[in-house]
Amino acid sequence: MAILLIRHGETVGNKSRTVQVPTTELSPDGEQQALRLADRIKDVGVSHILCSDYKRTQQTAGPMVEMLGHQCELSSLLRERNFGDLRGRQYDDIGEDFFAPDYVPRNGESWEQFDSRVAMAWKLIIQRAKETSGDLAVITHGLFCLRLVSNHTQIEKPLSVPTHWSNTSVTEIESEFPYKVNIVNCCEHLDQRVNVGVSGGRV
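Reading the values: rules and limits
Residues numbered from 1 in each chain as written. Predicted model: local features only at pLDDT ≥ 70, side-chain atom pairs only at ≥ 80, totals over all residues. Heavy atoms only, no water. Helix = DSSP H or I, 4+ residues; strand = E, 2+ residues; numbered from the N terminus. Rg over C-alpha atoms; globule rule 2.2 N^0.38 Å. Buried < 20%, exposed > 50% of the residue type's maximum accessible area, 1.4 Å probe, protein only. Core = buried A, V, L, I, M, F, W, Y, C linked by side-chain atoms within 4.5 Å. Pairing = 2+ DSSP bridges. Axes fitted to C-alpha atoms, helices over the stretch in contact; angles between N-to-C directions. Contact = heavy atoms within 4.5 Å.

> Can you help me understand the overall build of the chain in this one?
Looking only at helices and strands, one finds six helices and six strands in the chain. Secondary structure elements of the chain occur, N-terminal to C-terminal, as β-α-α-β-α-β-α-α-β-α-β-β. Its C-alpha radius of gyration of 16 Å places the chain within 12% of the 17 Å reference for a compact globule of 203 residues. Relative to its 203 residues, the chain shows a buried fraction of 53%.

> Looking at this structure, how should I read the nonpolar core?
Among the nonpolar cores identified, the biggest contains 34 residues, and I3, W122, I125, V138, F144, L148 and I173 are the most heavily contacted of them. Mapped onto this core, the elements with two or more residues apiece are strand 1 (2-7), helix 5 (111-131), strand 4 (135-140), helix 6 (142-152) and strand 6 (181-186). For this core, the leading source of residues is helix 5, giving nine residues.

> Teacher, can you tell me more about the sheet that holds strand 5 (residues 170-174) here?
Strand pairing in a sheet is mediated by backbone hydrogen bonds. Such pairs are either parallel or antiparallel. One open sheet accounts for six strands, arranged 3-2-4-1-5-6; its pairing is mixed. The sheet terminates laterally at strand 3 (72-75) and strand 6, the two strands that pair on one side only. Strand-to-strand twist of the sheet, defined as the mean angle between neighbouring strand axes without regard to direction, takes the value 20°. Two strands pair when backbone bridges link them, and strand 1 and strand 5 are joined in this way by five bridges, in the antiparallel orientation. Following the sheet pairing, L4 is matched in strand 5 by E172. Of the strands in this sheet, strand 1, strand 2 (46-52), strand 3 and strand 4 touch helix 3 (residues 55-68), which is tilted by about 165° from strand 2. Packing of helix 6 onto the sheet brings it into contact with strand 1, strand 4, strand 5 and strand 6, and relative to strand 1 it is tilted by some 145°.

None of the figures reported here should be taken as evidence of function without further support.
What follows is the structure, given as structure tokens:
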């Protein structure tokens, strides 16, 4: 059994390089990506879907829910890092590196606070994986994928942790310790491959 870590589909905010708000929706291209993702996943053996409670992740999960006939469990632990007062602003207008290790956005989360929440989410993910008879699909956000894979999994060459996580990319993680990554940031359902695992992957 595997954990399938999935980033949401493209949004207008992604294209315009805007720090997104919880209610940001998928773009038309993002909706098509979600359909292709669902078609890729439908025969793999997913038996449970765990999803961030933000709009864009729920919309990404929608076609998968319809195809598989499963309910989608929402969790606030799977949310993107909270950038507080920066949300809704374009990157170029902010004028500072808000991804810097020591940057703490006003009314938002520091990296330390975000990593603590990701760790709590990982415990939930592992618990659900143990309770699930098939694969567990986890639909979340780019920075969440980055910190989860960096801090809680084993990733070996020729794979590496990407600096950018593609929309609707699939990362396959073994559900038993040491939680080895077999496929990372793969978008073959969009007719492109990004850092795809060479062995062990099934999706």
